[in-house]
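Reading the structure
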Amino acid sequence: MSEKKPFYLTTPIFYPNAKLHLGHAYTTTISDTLVRYRRLMGQETYFLTGSDENTQKMVDAARKVGEDPIAFLDDIVSTFKGLYAELGISYDQFIRTTDQQAHWPGAQLLWKKLVDAGDIYKKEYEGLYCVGHEAFVTEKDLVDGKCPDHATAPEKIKEENYFFKLSRYADTLKEKIASGALKIIPETRRNEILSFISSGLEDVSFSRPRKTDWPPGLGIPVPGDDSQVMYVWCDALSNYVTALGYGRDDALYQKFWPGIHVLGKDILRFHAAIWPAMLLSAKLPLPAMLLVHGFVTSGGKKMSKTLGNVIDPEELLAEYGVDALRYYLTRHINPFEDGDITREHFKEIYNANLANGLGNLVARIMKLAEDHLEGGTKPESADFSKNYTDAFERFEINHAIDEAFRHVQLLDQKITATEPFKLVKSDPEAGKKLIFDLTRELLGIGQMLEPFMPETSKKIKEAVITDKKPTTLFPRKE
RNA sequence: CGCGGGGUGGAGCAGUAGUAGCUCGUCAGGCUCAUAACCUGAAGGUCGCGGGUGCAAAUCCCGCCCCCGCAACCA
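Figured I'd write up the structure that's included with this text.

Cut-offs applied
- By convention here, each chain's residues receive numbers from 1 onward along its written sequence.
- Here every chain gets a letter starting at A, and every ligand a number starting at 1, in the order they are written.
- Thresholds applied to this predicted model are a pLDDT of at least 70 for local features of residues and 80 or more for the giving and counting of side-chain atom pairs; totals over whole chains, interfaces and linings are not thresholded and use all residues.
- Side-chain metrics in this entry use all non-hydrogen atoms of the structure; hydrogen atoms and water are not considered.
- Labels follow the DSSP assignment, with helices taken as runs of H or I lasting at least four residues and strands as runs of E lasting at least two, numbered in each case from the N terminus.
- Relative accessibility decides the category of a residue: with a 1.4 Å probe and only protein chains considered, values under 20% of the type maximum give buried, values over 50% give exposed, and everything between is partly exposed.
- A contact between two residues is defined here by any heavy atoms of the two lying within 4.5 Å.
- To be clear on the numbers: accessible area is Shrake-Rupley with a 1.4 Å probe, and residue cover counts the displayed protein chains and nothing else.
- In plain words, nonpolar cores are sets of buried Ala, Val, Leu, Ile, Met, Phe, Trp, Tyr and Cys residues tied together by side-chain atoms within 4.5 Å.
- The start and end points of each domain follow an automatic or database-based domain assignment.
- Helix span, as expected, comes to 1.5 Å for every residue beyond the first.
- Across the chain, bend at a residue is computed as the angle between axes fitted to the seven residues ending at that point and the seven starting from it.
- What makes a residue near a molecule or strand is one non-hydrogen atom of that residue sitting within 4 Å of it.
- Polar contacts here mean pairs of N or O atoms no more than 3.5 Å apart (in protein, one a potential hydrogen donor and the other a potential acceptor; neighbouring residues in sequence count only if both atoms are side-chain atoms).
- For this scheme, ten residues count as nonpolar: Ala, Val, Leu, Ile, Met, Phe, Trp, Tyr, Cys and Pro. Four count as charged, namely Asp, Glu, Lys and Arg, and the remainder, Gly too, count as polar.
- Here, a salt bridge means any Lys or Arg side-chain nitrogen found within 4 Å of an Asp or Glu carboxyl oxygen.
- The way it works is a 1 Å grid over only the protein atoms, where trapped points that fit a 1.4 Å probe form a cavity and open points with protein on both sides within 12 Å along at least five of seven lines form a pocket, and then any residue with an atom within 4 Å of a point lines it.
- Grid points are joined across faces, edges and corners, and a volume is the space filled by probe spheres set on the points.

**Overview of the overall build of chain A**
- When its secondary structure is counted, chain A shows 18 helices and 16 strands.
- Dimensions of chain A, computed from C-alpha atoms along their principal axes, come out at roughly 90 × 50 × 40 Å.
- Expressed as a percentage of the 478 residues in chain A, the buried residues total 52%.
- A separation of at least 24 residues holds for 77% of the contacts in chain A among residues at least 6 apart in sequence.
- Split by element, the accessible area of chain A, about 21,500 Å² in all, is 50% carbon and sulfur.

**Some thoughts on the nonpolar core**
- If you look at the biggest cluster of nonpolar residues, it comprises 90 residues, and the most contacted ones within it are Ile341, Leu358, Phe405, Leu449 and Met453.
- Top element by residues in this core is helix α13 (residues 343–372). It accounts for 12 residues.
- Structurally, this core is a two-domain feature, drawing no fewer than three residues from each of domain 1 (7–294) and domain 2 (343–466).
- The contact partners of Ile341, leaving out residues within four places of it in the chain, are Leu22, Val296, Thr297, Ser298, Gly299, Met303, Ile311, Leu316, Tyr328 and Phe346.
- Counting residues in hydrophobic clusters, the runner-up holds 58 residues, among them Ile177, Ile197, Val204 and Met278.

**What to know about α13**
- In this model, α13 (30 residues) spans 40 Å end to end at C-alpha, consistent with the 44 Å of a helix rising 1.5 Å per residue.
- At Asn360, α13 shows its maximal kink, close to 35 degrees.

**Thoughts on the protein's contact with RNA strand B**
- Residues in close proximity to RNA strand B total 51 residues, the closest being Tyr15, Lys57, Tyr231, Ile267 and Arg364.
- Of all atoms in RNA strand B that approach within 4 Å of the protein, 66% are sugar or phosphate atoms.
- The separation between a base nitrogen of RNA strand B and a polar main-chain atom of Ala355 is 3.5 Å.
- At a separation of 3.2 Å, a phosphate oxygen of RNA strand B approaches a polar side-chain atom of Lys469.
- Of all the elements in the fold, those that place two or more residues in the surface near RNA strand B are α6 (187–198), β8 (204–205), β15 (301–302), α13, α15 (397–418) and α16 (420–426).
- Per-element accounting of the surface near RNA strand B gives the leading share, 11 residues, to α13.
- Each residue belonging to the surface near RNA strand B can be placed in one class, and the counts come to 16 nonpolar, 14 polar and 21 charged.

**Focus on the pattern of salt bridges**
- This model, assessed by the stated rule, comprises 26 salt bridges.
- For the salt bridge of Glu393 with Arg38, the shortest nitrogen-to-oxygen distance reads 3.9 Å. In this pair, Glu393 is assigned in helix α14 (residues 386–393) and Arg38 in helix α1 (residues 22–40), connecting sequence segments 355 residues apart.
- The exposure class assigned to Glu393 is partly exposed, which follows from its relative accessible area of 42%.
- Accessibility expressed as a relative area gives 13% for Arg38, which makes it buried.
- Arg406 serves as the salt-bridge partner of Glu403, at 3.2 Å between the closest nitrogen and oxygen.

**Structural notes on empty space enclosed by the protein**
- One pass over the full model with this rule turns up 1 cavity of 30 Å³ or more.
- Empty space within the largest cavity amounts to approximately 70 Å³.
- Considering the residues around the largest cavity, the lining is formed by Ile30, Leu34, Leu291, Val292, His293, Pro335, Phe336, Phe395 and Ile397.
- Contributions of two or more residues to the lining of the largest cavity are made by α1 and β13 (289–293).

**As for the environment of Phe163**
- Its place among the elements puts Phe163 in strand β6 (residues 155–164).
- Under the relative-accessibility criterion, Phe163 is labelled buried at 5%.
- Along the primary structure Phe163 and Lys122 are separated by 41 residues, whereas in three dimensions their C-alpha atoms are 6.0 Å apart.
- If near-sequence neighbours (up to four positions away) are discounted, Phe163 is found in contact with Asp119, Ile120, Tyr121, Lys123, Tyr125, Asp203, Val204, Ser205 and Phe206.

The following block contains the structure:
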C-alpha cells in the first residue's frame, strides 16, 4: 500500500417514479461493497447516490395517483432511503436533482461552460408528438400510424431546442477510451462503446420547452432562457460533480474528482459518450473509470410484471435478512455479466453456504471457545490474503468473497482433522491453544466479510473478542 | 448481413490453451464440537453442432443452431 488516494464512487441516480427493484438494490450493494473495501484498506472514501427527479415520467406517475409531484417525490425518495438503510448502504450523500442549493448551481455552471466552448446551439426539432403521452414518439412506436396506447395519430410538430455538439468529440473520446485515460471495465464493454463511437456520434438535444404543468422547483432553467429546461444529460449526469460542490463550494470536488461510476450496461452510452464529452467541452477531468455491470435476471429472463417473475428486495430482506441478500448479490451474481436469481436458488444457497457453512462454523468454534477458553482475543491489524486483495483490485467482488468462504471450508476441514473437541480432553493445554488458533482464523474470516456482510462481520468479531457463542446467525430454512 | 452476452455432468454456476472444478441433489463411509450441521470417497460431463489452427482447445479462428438483452434521446 503506497499512498492512499481519496476514493470517490457513484451509483446512477434512479428515477423516482416507482419503488426500487432488485436491479437497483444490486447496483447499490456492489457499489457499497467496493467502497467498504477501500475504507477497510484505510483509504478516504466518498460514496454518492441519489435520484433523478426532473422527469415527465415522474410527473405522470404522480398525477396517476392524484398527488402533487413535489410531495410525490418526497415520498418516493424516502422509500429509496428506507431501502438503503435496510441494505446497509453506507453512502455519504444522497443528491436530488431538484435540490436548488446543492445541484442547480453546478448544473447551470456546467451548461455555461459548454456555451463558452461553443458547443450549445439552437435547432428546430421536428417530430411526432402524441398528445396522450405528452411526448415525442417515433415511427416504430406506431401501429397503423397511431399511438397504440392512445389510439390517436400523433401530430407532427416543431419545437426549438438547444443541442450539444456531441459529434465534435467522437475522435477525442475514442482516443481517451482506447488509451485507457477513461477506463471502462469489463473490456467487452469498452470494445462495445469503441465500435459504437466509431460509427459516428450525432449531436444530442439538450433542453426541452418548459412544460406548463410542471410545478415550480421542477426542471432546471437553461441559463439565459427561462422558457427552456435542461434535458436529462446536463440535468442528471452533472450530479456526479455538483454533489461534490462543483459550482458552489468545491472543496470536496477538488479533493475527490475524478471518481468511479458504477452503472448498468443499459446506460453505458450516456456515461461513456455524452457525459465525458460534456466534461471535455467544459475542460474538466474525465471520470477515472466506468464499472459496467449486467442485469439481475430471474429464471433467465429480465424481471417484468407481465412475466410475473419480479422479486422484490423487500421480500428477501424480510425473510432472510440483509446480509443474506448482500451475500447472494455479491457472490452469486457475476458483476460483469447477467446473473440470475430465483427464490428456490436463493434458499438453496442460503442453507448451503450461510446456515450450514458460515453460521454453523461460527457456532461450532465459538461453542468450543466459550467452554474452554478464559476470555477472548483482541483483533490485530487484519492481514488480507493476496487472492482477496487482487480480486478487489480487479473489481471481481465475487471472487473476493469466494476467498472468504474458501476459508470457511478450510476451517471445517481443519476441525475434522485436528479434533480439538478430543484434544482438549486428552491434552488441555494443546487443545486450548488449538481452539484459540481457530478463533483467530474465524476472526480473519469476519474481517474479510466486512465489505460484503457488515452485520455478520461485526457479530463474528464481537463473538471472538468477548469469547461468547452468538445466537444462531443464519437459521436453516426448510 | 444492426450491436452485445450466453449455451460446461440431473439443477445452478466457475474456468480464455496443458490431467474439467464448485454448490445443490444421489450413493457409500467417517465424526459427534456444531444450526440432523461437518469431513472423506463414489457415480454422473464426447464443455450447443460442424470444420480449422496448435505438440496440446471448453479456452484461439471460420460457419451454423438455440436462448437472452440492447438498438441513443429510453435509467
